[in-house]
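Inside the fold
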Amino acid sequence: MKKIITVIICIISILFTYNYNVYAKDTVFSLNKYSEEQLEFIENSYNKKGNIDGMVSAGTYLKELVDVDDKEYEDYQVMLIKYTNSGRLDWKYSYGKTMEDVVYGLNYTYDSKGNIDGYLLLVQKSCNINETINTTPIFILVDLEGKEKDIIETNLDNTEITKIISFSSSTKKEYILIGHKQIESKEIGVIAKYDSKFNLIWEKDYYDNDKNTDLVDVTYTIDDNNVVNYIAVGKLGDEYKLIKYDNDGNYVKEVKSGFESEDKPKVAISNKGFILYGITDEVKLKGNKSTSYYLEKYNLNEEKEWETIGNVPVDSSIAPSLKTIYSEDTISEYLMMYRNDDQSMEIVKIDLDGNITEKIKKIKNEYYDINSFNNRDRTIYFVGQINCPEDDNCDYDSNSLFLISDEDKVIEVESDTNTNIIVFCIGVVALAAIIVLIKQRKKIDIEISKLQKKKKK
């Protein structure tokens, strides 16, 4: 009987564990020093031996309010912070004068052998509020210990940057920047290439005579370890276009147009090709929902090899985000992050054939604005902003979010199923108790019968 009870207890424990692992186990850390903080980018951090030792994240914070000529201005500054793997703040680097500063991107710097030797911030050149200056991006080089090494001009005047990527060309590291520049009252898309010393190699315009243009995302294609082309997502007025550039920055062709109105297309690197992904409202889901995410794999000839569409409804106001996962320098799978209708954030694994293999994270998202994430050793790191709920009295307006989610995976259980599990468990316990009582009663009756027989003798 003891064995039966033990087995029943084990089953119940498993069922309750299954029930309680609905959401990932989260640990939230925050800078919590300023009234307004926001982290926008996150990457692995490295020590001098070339080993990963934590995370670095870039964002902005409100340093103070500045009064100039009877007007109040917000002095936002750029920050680069390093966290250890356990979430302890290791160091913080700041940049900015009294104007509202902006960070465009976070990347790495490399030594002559191609090894990471520091961090690269791409920011808008700062000035004081009473100064007049063009919108000019600059490179800030920070060493592995958080000390500023150098500040280098991009020579891209009146330009706002959307994204920076780095890649290997032969044995050298190079960078691609995209965005748009302002010429009089017109916006013109820009793509530019830099060498490992941040010298401008070329700059090209994405131009239209009648409409404003912009470049909003970019990746590259590789064949036999050589960069072949650059694939960019451009905007021509309100229309998205998929565009191809050669290695010298020359416009080759328009790969795709006619994107859906809900779509916010992006691109990512893939083996011998690239991934196009975004939002589609041409699906049929439960509850008459029709908006989900999609992925399309293209080869080096821009031919579509496969397409995958999500099986859950997503919030179309937030573009999904795709993280490329490598194994021994080869792409092994993708992680797709999107926001559900209930505002929770989910991450699913997608293999190289476009199969959605499993859902690995689900984060309740009532107070979080998640801007970016990184993955390492089955742990996912999120950065963004923690917002004070409207019905709460907080000592802050919005703090930076650094969230470590370290459960292996998420198991979803429907609310009805939860109730059924609890009812089933109660029933099992009650049945076990009844069986035990019956067994005990039978033993007592047998003993009483034996004693009565002895007395008669």
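Notes on the structure in this doc start here. Each chain has its residues counted from 1, running along the sequence as written. Reporting of local features is limited, given that this is a predicted model, to residues whose pLDDT is at least 70; pairs of side-chain atoms are given and counted only at 80 or more, and all residues count toward the totals for whole chains, interfaces and linings. As a rule here, side-chain values come from all non-hydrogen atoms in the structure, and water together with hydrogens is ignored.

1. Things to note about unusual backbone geometry
As a reminder, the rule being used: For the purposes of this entry, the term helix denotes a DSSP run of H or I that reaches at least four residues, the term strand denotes a run of E that reaches at least two, and both are numbered from the N terminus.
Its identity as a non-glycine residue notwithstanding, Glu302 has a phi of 60°, on the positive side. Structurally, Glu302 can be placed in the loop between β20 (292-299) and β21 (304-309). The phi dihedral of Gln343 falls on the positive side, at around 75°, and the residue is not glycine. Assignment of secondary structure puts Gln343 in the loop between β23 (330-339) and β24 (345-350).

2. Details of the side chain of Thr213
Applied cut-off: Residue exposure (1.4 Å probe, protein chains only): buried if accessible area is under 20% of the type maximum, exposed if over 50%, otherwise partly exposed. Should any heavy atoms of two residues lie within 4.5 Å, those residues are counted as being in contact.
For Thr213, the position within the fold is in strand β14 (residues 213-223). You can call Thr213 buried: its relative accessible area is 1%. With residues near it in sequence (within four places) discarded, Thr213 still touches His180, Glu187, Ile188, Gly189, Tyr206, Tyr207, Asp208, Lys235 and Leu236.

3. Focus: the nonpolar core
For the record, the criterion: To form a nonpolar core, buried Ala, Val, Leu, Ile, Met, Phe, Trp, Tyr and Cys residues must be joined to one another through side-chain atoms within 4.5 Å.
Counting 33 residues, the largest nonpolar core has Leu80, Leu121, Phe139 and Leu177 as the members making the most contacts within it. Setting aside anything within four residues of it in sequence, one finds Leu80 in contact with Val56, Ser57, Ala58, Trp91, Lys92, Tyr93, Leu106, Tyr119, Leu121 and Val142. Core analysis: the second largest hydrophobic core is formed by 32 residues, Ile191, Tyr245, Met336 and Tyr338 among them.

4. A look at the packing of aromatic side chains
Under the convention used in this document: Think of it this way: a Phe, Tyr or Trp ring, Trp meaning its six-membered ring, pairs with another when their centres are within 6.5 Å, and the plane angle makes it stacked under 30 degrees, edge-to-face over 60, tilted otherwise.
Taken as a whole and judged by the stated rule, the model has 15 aromatic pairs. Aromatic pair Tyr108 and Tyr119: ring centres 6.2 Å apart, planes at 45°, arrangement tilted. Of the two residues, Tyr108 is situated in strand β6 (residues 103-110) and Tyr119 in strand β7 (residues 116-124); the sequence distance between them amounts to 11 residues. Judged on exposure class, the residue Tyr108 and its partner Tyr119 are both buried. Ring geometry for Tyr175 versus Phe198: centroids 5.0 Å apart, planes at 25°, classification stacked. Placement of Tyr175 in strand β11 (residues 172-183) and of Phe198 in the loop between β12 (186-194) and β13 (200-206) is noted, with a sequence separation of 23 residues between them. Just as Tyr175 is buried, Phe198 falls in that class too.

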